[in-house]
Structure formats: structure tokens, C-alpha cells
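# Structural features, examined
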Amino acid sequence: MKRLNFLLLLAALIVVSGCGKRETRVEVANREQILLYGNKAEPQDLDPHVVQGVGEHQIISTLLEGLVAEDPKTLDPVPGLAERWEISPDGKVYTFHIRANAKWSNGDPVTAEDFVKSYRRILTPSLGSLYSYMLHPMKNAKAFNEGKLTDAAQLGVRAIDARTLEITLECPTAYLLNSMASHYTWWAVHMPTVEKHGDPYRPGNKWTRPETYVGNGPFILTEWVPNSVIRVRRNTNYWDSANVRLNGVDFLPIESIDSEERSFRAGQLHRTEELPNAKIDAYRKDNPDLLRIDDYLGNYFYRINVTHPALKDKRVRHALSQALDRQAIVETVTRGGQKPAFAFTPPNTAGYTSRAQLKFDIEGAKKLLADAGYPEGKGLPPIEIHYNTSENHRAIAEAIQQMWKKNLGVDATLRNEEWKVYLDTQTATNYMVSRAGWIGDYPDANAFLETFLSYSGNNRTGWANPEFDRLLQEAGCVSDVKQRTELLQQAEALLLDEMPLLPIYFYTRVYLLNPAVKNWHANYQDHHPFKYVYLEAPAK
Amino acid sequence: MFRFIAARLLQTIPVLFVVATMTFFMVRVMPGGPFDSERSVPPEIKRELDAYYGLDKPVFQQYLAYLGKLVRGDLGYSIKFANRSVNETIATTFPVSLQLGGMALGLALLLGITAGVMAALRPNSALDYAASGLSMMGICLPTFVLGPLLVFAFALKLQWVNASGWFDSTDIILPAITLGIVYAAYIARLTRGGMLEILSQDFIRTARAKGASEVRIIFRHALRGGLLPVISFLGPAAAGILTGSFVIEMIFQIPGLGRHFVTSVFNRDATMITGVAVFYAALIVFFNLLVDILQVWLNPKLKY
């Protein structure tokens, strides 16, 4: 009997401790104004001149600020560390005036010289920066970066005085300010700190540890446990600290998207990086207030190897494209609110929408194929669709395989490869049709179109067109906006007509967001300047 | 005994050498390199990076340089996470894996031996079938099913613990159970077998005839021999628990070493791959040595 009593007591204790609902992490964080942010991957580093990921952007954007910053709603360039700037009439010289109260987190003033040294650093070949080409619009930057020019003084950047920086460009670059605001390669590092913790011009510098990180953004790095958490807290030396509403952000690199979703449900995260496809419908139905689907500056497409005998004829390529029911793919396969892609550049990219549009036309496709000598697909070898191993890519490839068979009578086979092997195969153009994705580095059609320049390493289709190259080069060097847009339109029309690629859909970002997060705006770069964000728990 | 250990330690040298050599060359013949990404790498930059990591030198020269550093205990710097050395990564993540693995192994031993002994005491009874059935289930249930199930029950429904992370002291509970349960099942089956064999031997009958209590018979006489199969299983099991925690670390977001063992291959992070492989090899050799010593100590039939 005594034993039974004891067991009952134990059971009661367990029940009571279970019922006394614990305060979740999110509830605590709401009170403390700490944003809990699912960041998916462990950052490679927090040095803006070394990294290349999107996840790294989110963290670095709390620690560093550009001369120009992003408007939280539109992402349009607004004053950052520079309070104002002037652009010369020919669009080639930008003069930035740095704020008098812009300071590094250690109290040092932010100077024009910091930017000069930083730009020299990222362009120095020995650093091996994989993203240094973002600075190539700057005068002599490309030559210096490729080691053809060794005199750093000839770079198009100089400090006129401590607070005035002048940047000279090769050509007027319409998207320069956007790029400077949104891309970390344009942000400065505190060189005395970098020099103290290793060779500033080699990989592997250790200045990015919490004990040593010196930044100039709204937050400072306070803790970094690899694969566990990165904590940033308010930087009182930041020039606009009074208007920063969060006290900090905890970035949680949860790689498994299923675990991330469970952590969100358990009240451990304000925001997930992604949502498993299989769960989208459930959230749509039961918790639409938590689900966010934002348009994203990216295109999911297939590369076509134009040197392959079966795909040399562009009529075949067009037939393959016209036989695709893209609407059906986004509605029944991807199901994350994606938009069917009938062009390469996403619509309304900084006001640009491609005039040329592909179409869905089965009869037309059949005719094209017959004209090319393959009536009803007869005589055409099976098209091999190559993709990197993933459930989602396979589902899309299978849908396309079926559409080609049903609409054209064309057979297709599937070949998947592990990520790095897949990249190798693609670079060697050793495929027929290969899956690809492209996310714009900056909001401009050029960010997409330039990947198909004949000399671009990102082309990978064997397609080279001198007229296309000329149009883009010219667009890069005209200052008149209208004229530039026209050239880009012509280039995109030419690209879509030649069709070395098969656009399928425009990306969306599908994620979960706790309603307590305020001042969070949907935008196509998934940038949410953290200095404006704040937390407000819903009234109970 | 000292000679035995010394000899075994000496034997580990060629083993580690072979592991280091094989992983080194296998990594080199893998397609794809550490700097490949969706965005192409400019050739000038690639050249600089290759030169920095010595990847531009002939493979054999790279190999000699690598061995030279290895004998000094320097595993080099990660290529993906350029400012973290492999030694540092192991030093910070291995204690986490060890803590989790130790807890899981402890749990596995506690559950497994208890269930095994109980089953062996009443062979072919309902209790025996229940224990065997449960352990069969434990063996069959994959961790990527069990883990999320536990999270669903204890983190999402009951809200007793967190769904992921490595922050609170309670964060170890679910992953340790998930990781330990499979091994508990194996241990239960091995214990049952070992105990059944021992319990039918003459010296146990003698003990019973002398009037020794059942408790004394089990703990004093039977367990020592009955656990021998478990002990020989422990070497590979300990190594398996420590290396096999990749899935668990992903499910529960634990900053352990197991994930580096796997992700470094996806990243083609040559130094990390070879470094972690050699470290794990050393660990396995060490555990096997430990088990050999234990076995001789427990089994009077063996000698050093």
C-alpha cells in the first residue's frame, strides 16, 4: 500500500510539473527584445570579404553597415554610414560624406581611409575572395583583382579627407548604390583589428571571434558557439543606437528543416529559414498567420547544352519550353506560391520586367519539333535531365518528363548526382539538360543576364553570342536609364530567343514568422534590416 | 600486462598510418573540389586559393607535407571554415559528443543489462518475451523516427524539454535516449544469451547447492561471465555511438563532432575529412584496446 502511495505521489508530481506551463524561449525573448532567428547553416566566417552565403549576410548585416543602407520596406538605398553623397553628371564619380558620429564598436571613428583599405583588401588576389567581383565596376578593380595591376593606388577609390570618400567607376553603373547597400563585399572592416589577428591578405584570419570582432553596425558579436548559436547584442557606439529597438539577435544555425520547424512549434524561434514543402498546406489551413510566402529574386531553370547534337537546333529547345505547363508545376509540384517563369529576370526587378515572354503552346511546340525533323518526337534521342540529388528536384524533373512525353512524344530520363559531382558535370558541360538556380546578388536585370555572357564562368551551357555580349557591355556603360533598360530588354529577348536555358519558376521564400515580430516587410531579397525590427507580444 | 599494452599501442601506429594515407588519397580522387559552388570561381582567385592550401603541388608532395604535420599532431586548418583549425574543432566538439555518447552508453548499459538479466532468469516466460520483443523493436526503430517521435511527445505536447539545442541541462535527455535505445536493445540480447549460458554451468549449481542467495548468485558469480559478450560488443559500440551521432546531432541541433564527420565530405573539406577520420580511427583503436584489457581481467580463461 505504501508503495502504491509513493507511485501515486510520483505520478502526481510529474503531471503537475507538466501542467505548470513553462515560459517558452520566445516569450522570454519578447520581453527582453531578443529576436530568435533560424539561420539554417553555420556561417563560414563573419568576415564580409571572405564569405559568400546568404545566411552570412543576415548575421553580418547586424555587425556592419555600408555607406549606404537599405530602406526596410523597399530596400531602396538610404543613408547609412554616409549621411549624403553626390554623383557626378557622367555617373562615374561618387562622393560619399561619412557621418561625424559614425564609430567602430571600439570607439574609433569610421574614416574614409577604412573604406580605401578595405576595398584594397578584398581585391587583393591572395585573399582569395570568391565574391570580390562585386567591386569590379570600380575603376581598375578587375585588373587589380586578377593580378594584372599591382599598384593599389590606381584603384578608383581614394580618401579626400577623413570623412570624404571618392569612388570612381569604369562605367556609370546604375545599380551601384543598391549593390553597396545590400552586399557585404562593399562594407568596411576595421583594418587595425584585422592586421592584429593574422595576415589581412590571406584566408584564415582570426579577427572574427567574439573577443576580437570590431564592427560598425547596430549590434556587436558577443558569443559564437559553432553549430549552436551566434549572439549579437546592442552596440552603444553605433551612430543611430538610440533608434535601434531590439536589444539583440540570437542566430540559430539549424540545418535540418524539420528540426527547425519543430523548434518553432516548441516556441524556440521567432523565424524559420524555410518550411518543409510537405507542411505548407497544413500551415495554410491551420495557422495562416504564421506562414509567410514572399517573392524572391531568383529563377529556377534548366540549362540546355546547346553543343549537344540533339539540342543544337533552337527549334527543339523552343519546343521543349513551349510544351511545359509551368503553371501546373507551381500549383501541383512546388506548391509554395512560386510564379511560373516565362523570362529569366524576375518581373519588376527594380522596375524592369522582360518584354519578351515565353509561352505555353502545345500545338506550336509540336510544329516546331516537326519542323526540326522530329515529328511527334520520332528520331529525337531521349533527353537526359540532370539534377543534384534532392526530393524536390526529382519531383519537378518527373513532372517535366511526363509533360514532354504527353505533349510532344519526347522521352526523357533522369540522372541525379551529389552536389559537388553535379557541379563538376555542369561546369564540364557534360549533360543535355541540367537543373540550375540563380539568385540575384543585387536587384537589377544585369545580375541575371550577365551570367550568360560568353566569358562568364556561370554560363555553363556552351552558348556564346557576340551580339548578346555587346548589348550587355553597352548597357553597362550608358548613363541614360531609359537607354540602358532598352539594351537590357534587347539582350533578354535575344537570350530567350536563343534559349540556352529553360526558365521554370520564380522563387519564393516560404518560412514561419511569429506574429510578435514587428516592422518586418516582405521583399524580394529577404533582407530585413534588423535595426528597425522590434518585438511586441500579442495581448493575451 | 605492461608488455601487452605496449605491444598493442605500437600496433596502432601502422593502423593510423594506413587510415591517414587511404583517406588522404580517397579525398584527392573524389570528384568536385572545396571551392566549387553554384557561382563560378574566377580562375585567378582559384589559383591563389589552391596555392594557399598547397593544392597546386604534386599530390605526393602534398601527402608528405600532410604526414609531416600529422606526426606533430597538427591536423591543419579547415578549408571551408578557414579560420578554424581541425584540432580546435575537435577540441570544442568532441567533449559534446563524449558527454552525449557517455550518457547514451550509460543508459544503454543500465536498461540493456537489467532487461537481459531479467529475461535470462525466467527464460521463455512472459517477461522474457516482453524484454526480447521490446529490444527487437529498439533495434528496428531508426533514430530518425524515434527522435522526432520523442520530440513530439515530450517537447511539443508535454513541453517538458526543448525540441532542439544544447543550452539547458535537460537538453541531453531526448538525444541520449534516442541514441542509447538501439544499443540497449543489443546489450539486452547479448546479456540474456551470456547469462543463460553461465547460469546453466556447474559452478552456479554448486553455489545454489551451498545455499547462496539468488542476488549473490547473479551479482557475485554469474554477471562476471555473463557479461563477457557485452564487453566485447562495447568496443565497437562505444566507437559507433561516438561516430554515429550524426543523425542525432542534426535532429536535436547538437554541436558535436559527428556532424563534421559527414558534412566535411559534402564540403570536400580535405583537411577536415582526413583529420576527423584519423581522430576517430585512433578512438576506435583505443576503445578496442580498453575492451581487450577488460576482457582478460574478467575472463580467467584468457591471459595477457
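Located above this text is the structure these notes cover.
The shown structure was predicted, so the numbers you read here are calculated from the model rather than taken from an experiment.

## Some words on the overall build of chain A
Of the regular secondary structure elements, chain A holds 17 helices and 18 strands. A globule of 540 residues ought to have a C-alpha radius of gyration of about 24 Å, and chain A, at 26 Å, matches this closely. Taking all 540 residues of chain A together, the buried fraction comes to 59%. Within chain A, residue pairs in contact and separated by at least 24 positions form 68% of the contacts whose partners lie at least 6 positions apart. Carbon together with sulfur atoms contributes 53% to the accessible area of chain A, which is approximately 21,200 Å² in total. Distance from the positive charge centre (62 side chains) to the negative charge centre (66 side chains) of chain A: 4 Å.

## Some words on helix 6 (residues 143-157) of chain B
Residues and elements named next belong to chain B. The terminal C-alpha atoms of helix 6, which comprises 15 residues, lie 20 Å apart, in line with the 21 Å expected from a rise of 1.5 Å per residue. The largest bend along helix 6 measures about 30° and falls at Val-151. Within helix 6 the residues assigned to the buried category are Thr-143, Leu-146, Gly-147, Pro-148, Leu-150, Val-151, Ala-155 and Leu-156. Following helix 6 by one or two positions, Gln-159 adopts a phi angle in the positive range, close to 55°.

## Some remarks on the packing of aromatic side chains
Per the stated rule, a full pass over the model turns up 38 aromatic pairs over all chains. Between Phe286(B) and Phe287(B), the ring centres sit 5.7 Å apart and the planes meet at 65°, which makes this aromatic pair edge-to-face. For the cation-ring pair, Arg245(A) lies above Tyr534(A), with the distance from its terminal atom to the ring centre recorded as 3.5 Å. If you follow Arg271(A) out to its NZ or CZ, it ends over the ring of Tyr511(A), 4.4 Å from the centre.

## Let's talk about the side chain of His386(A)
All names here are of chain A. Within the secondary structure layout, His-386 lies in strand 13 (residues 383-388). By relative accessible area, which is 0% here, His-386 ends up buried. Polar side-chain contacts of His-386 include one of 2.8 Å to the side chain of Glu-417. Separated by 3.0 Å, the side chains of His-386 and Ser-434 make a polar contact. The contact partners of His-386, leaving out residues within four places of it in the chain, are Arg-415, Glu-417, Tyr-422, Thr-425, Gln-426, Tyr-431, Val-433, Ser-434 and Arg-435.

## Some thoughts on the packing of helix 4 (residues 86-121) of chain B against helix 9 (residues 214-226) of chain B
Residues and elements named next belong to chain B. Relative to each other, helix 4 and helix 9 sit at 115°, their axes nearing to 13 Å. In terms of orientation, helix 4 lies roughly perpendicular with respect to helix 9. Crossing angle aside, the handedness with which helix 4 passes helix 9 is right-handed. Of the residues in helix 9, those in contact with Ile-113, Val-117 and Leu-121 of helix 4 are Glu-214, Ile-218 and Leu-223.

## Overview of the pairing of strand 16 (residues 501-512) of chain A
Residue and element names in this part refer to chain A. Taken across its 12 residues, strand 16 has 12 buried, putting it largely inside the fold. Bridge analysis of strand 11 (residues 291-304) against strand 16 gives 10 bridges, and the strand direction is antiparallel. Counted as the bridge partner of Asp-294 is Arg-509 from strand 16. Sheet analysis places strand 12 (residues 339-340) next to strand 16, joined by two bridges and oriented antiparallel. Within the sheet, the bridge partner assigned to Pro-340 lies in strand 16 and is Tyr-505.

## Re a nonpolar patch on the surface
Where nonpolar side chains cluster on the molecular surface, the patch consists of Phe17(B), Val18(B), Met22(B), Met26(B) and Val29(B) and spans about 510 Å² of accessible area. Relative to the assigned elements, Val18(B) resides in helix 1 (residues 2-29).

## Section: the sheet that holds strand 1 (residues 34-38) of chain A
All names here are of chain A. Here we have four strands laid out as an open sheet, ordered 1-10-9-8, and mixed in their pairing. Only two strands of the sheet have a single neighbouring strand rather than two, namely strand 1 and strand 8 (219-225). Neighbour-to-neighbour, the strand axes of this sheet turn through a mean angle of 15°, independent of strand direction. In this sheet, strand 10 (residues 248-252) lies alongside strand 1 in parallel orientation, the contact comprising five bridges. In the strand pairing of strand 10, Tyr-37 is matched with Phe-251. On the sheet, helix 3 (residues 54-63) packs against strand 1, strand 8, strand 9 (229-234) and strand 10 and is oriented at approximately 135° with respect to strand 8.

## Re the interface of chain B and chain A
Each partner contributes residues to the interface: chain B has 48 residues there, and chain A has 61 residues. Taken together, the two surfaces of chain B and chain A that pack against each other cover about 4,700 Å², and 49% of this comes from carbon and sulfur. Joining chain B to chain A, the criterion identifies seven salt bridges. In this structure, Arg268(B) engages Glu418(A) in a salt bridge whose closest nitrogen and oxygen atoms are separated by 2.7 Å. Counting across the chain B and chain A interface gives 30 residue pairs in polar contact (both at pLDDT 80 or more). Listed by contribution, the elements that provide at least two residues to the side of chain B that touches chain A are helix 2 (43-52), helix 6, helix 11 (246-252) and helix 12 (258-266) of chain B. In terms of residue count, helix 2 of chain B provides more of the side of chain B that touches chain A than any other element does, five residues in total. Taken together, the residues that form the side of chain B that touches chain A break down as 24 nonpolar, 12 polar and 12 charged.

## A word on the pattern of salt bridges
One pass over the structure, following the stated rule, counts 50 salt bridges over all chains. Measuring nitrogen to oxygen at the nearest pair gives 3.1 Å for the salt bridge that ties Arg470(A) to Glu467(A). Note that Arg470(A) and Glu467(A) are positioned in helix 16 (residues 466-476) at a spacing of three residues, about one turn of the helix. The exposure class assigned to Arg470(A) is partly exposed, which follows from its relative accessible area of 38%. When its relative accessible area of 36% is taken as the criterion, Glu467(A) is described as partly exposed. Arg192(B) is paired through a salt bridge with Asp128(B); the nearest N and O atoms lie 2.7 Å apart. One end of the pair, Arg192(B), is in helix 7 (residues 173-199); the other, Asp128(B), is in helix 5 (residues 126-140), and 64 residues separate them in sequence. Note on Arg192(B): relative accessible area 22%, which makes it partly exposed. Residue class for Asp128(B) comes out buried when judged on its relative accessible area of 1%. Each of Glu223(A), Arg231(A), Arg233(A) and Asp250(A) takes part in a single network of salt bridges with overlapping partners.

## Some details on helix 11 (residues 326-334) of chain A
All names here are of chain A. Within helix 11, the full set of buried residues consists of Arg-326, Ile-329, Val-330 and Thr-334. Buried residues in helix 11, looked at end-on, bunch into an arc of 90°, giving them a common side. For helix 11, the exposed residues set more than 90 degrees away from the buried face come down to Glu-331 and Thr-332. Buried residues in helix 11 make contact with helix 9 (277-286), helix 10 (314-322), strand 12, helix 13 (391-408) and strand 16. Phi for Arg-335, located one or two positions after helix 11, is positive at around 55°.

The rules behind each value
Position labels on residues start from 1 in each chain and follow its written sequence. The naming scheme follows written order: chains are lettered A onward, ligands numbered 1 onward. Restriction of local features to residues with pLDDT of at least 70 applies here, the model being predicted, together with a cutoff of 80 or more for giving and counting side-chain atom pairs; totals for whole chains, interfaces and linings are based on all residues. Side-chain metrics in this entry use all non-hydrogen atoms of the structure; hydrogen atoms and water are not considered. Secondary structure is summarised from DSSP: a helix means a run of H or I of at least four residues, a strand means a run of E of at least two, and numbering begins at the N terminus for each. Two things to know: the radius of gyration comes from C-alpha atoms, and the globule rule equals 2.2 Å times the number of residues to the power 0.38. Burial here depends on accessible area, computed with a 1.4 Å probe over protein chains only, as a share of the maximum for the residue type. Under 20% is buried, over 50% is exposed, and the range in between is partly exposed. Every residue pair with non-hydrogen atoms within 4.5 Å of one another is taken to be in contact. Per-residue accessibility takes into account occlusion by the displayed protein chains alone, with areas from the Shrake-Rupley method and a 1.4 Å probe. This count recognises Lys and Arg as positive and Asp and Glu as negative, with His and chain-terminal groups excluded. For this purpose, a charge sits on NZ of Lys, CZ of Arg, CG of Asp or CD of Glu. A helix is expected to span 1.5 Å for every residue after the first. The seven residues ending at a residue and the seven starting there each receive a fitted axis; the angle between those axes is the bend at that residue. The criterion for an aromatic pair is that two Phe, Tyr or Trp rings (for Trp, the six-membered ring) have centres within 6.5 Å, with stacked assigned to planes under 30 degrees apart, edge-to-face to planes over 60 apart and tilted to the rest. By the criterion adopted, a ring carries a charge over it if an Arg CZ or a Lys NZ lies within 6 Å of its centre and within 35 degrees of its normal. For this analysis, a polar contact is any N or O atom pair within 3.5 Å, provided that within protein one partner can donate a hydrogen and the other can accept it, and provided that sequence-adjacent residues contribute only side-chain to side-chain pairs. Axes here mean lines fitted to C-alpha atoms, for a helix over just the part in contact, with angles spanning 0 to 180 degrees between N-to-C directions. Roughly parallel covers angles under 35 degrees, roughly antiparallel covers those over 145, roughly perpendicular covers 65 to 115, and oblique covers all other angles. When the near helix sits turned anticlockwise from the far one by under a right angle, the crossing is termed left-handed; a clockwise turn instead gives a right-handed crossing. Note on pairing: DSSP must find at least two bridges between two strands before they are called paired. Patches in this entry comprise residues that are over 30% relatively accessible and not in a salt bridge; like charges within 9 Å are linked, as are nonpolar side chains (Val, Leu, Ile, Met, Phe, Trp, Tyr) within 5 Å. We define a salt bridge as a side-chain nitrogen of Lys or Arg found within 4 Å of a carboxyl oxygen belonging to Asp or Glu. For any pair of parts, buried area is found by adding up, for both, the accessible area (1.4 Å probe) each one loses once the two are put together. Each residue is assigned to one of three groups, with Ala, Val, Leu, Ile, Met, Phe, Trp, Tyr, Cys and Pro labelled nonpolar, Asp, Glu, Lys and Arg labelled charged, and all others, Gly among them, labelled polar. The directions from the helix axis to the C-beta atoms form the arc being described.

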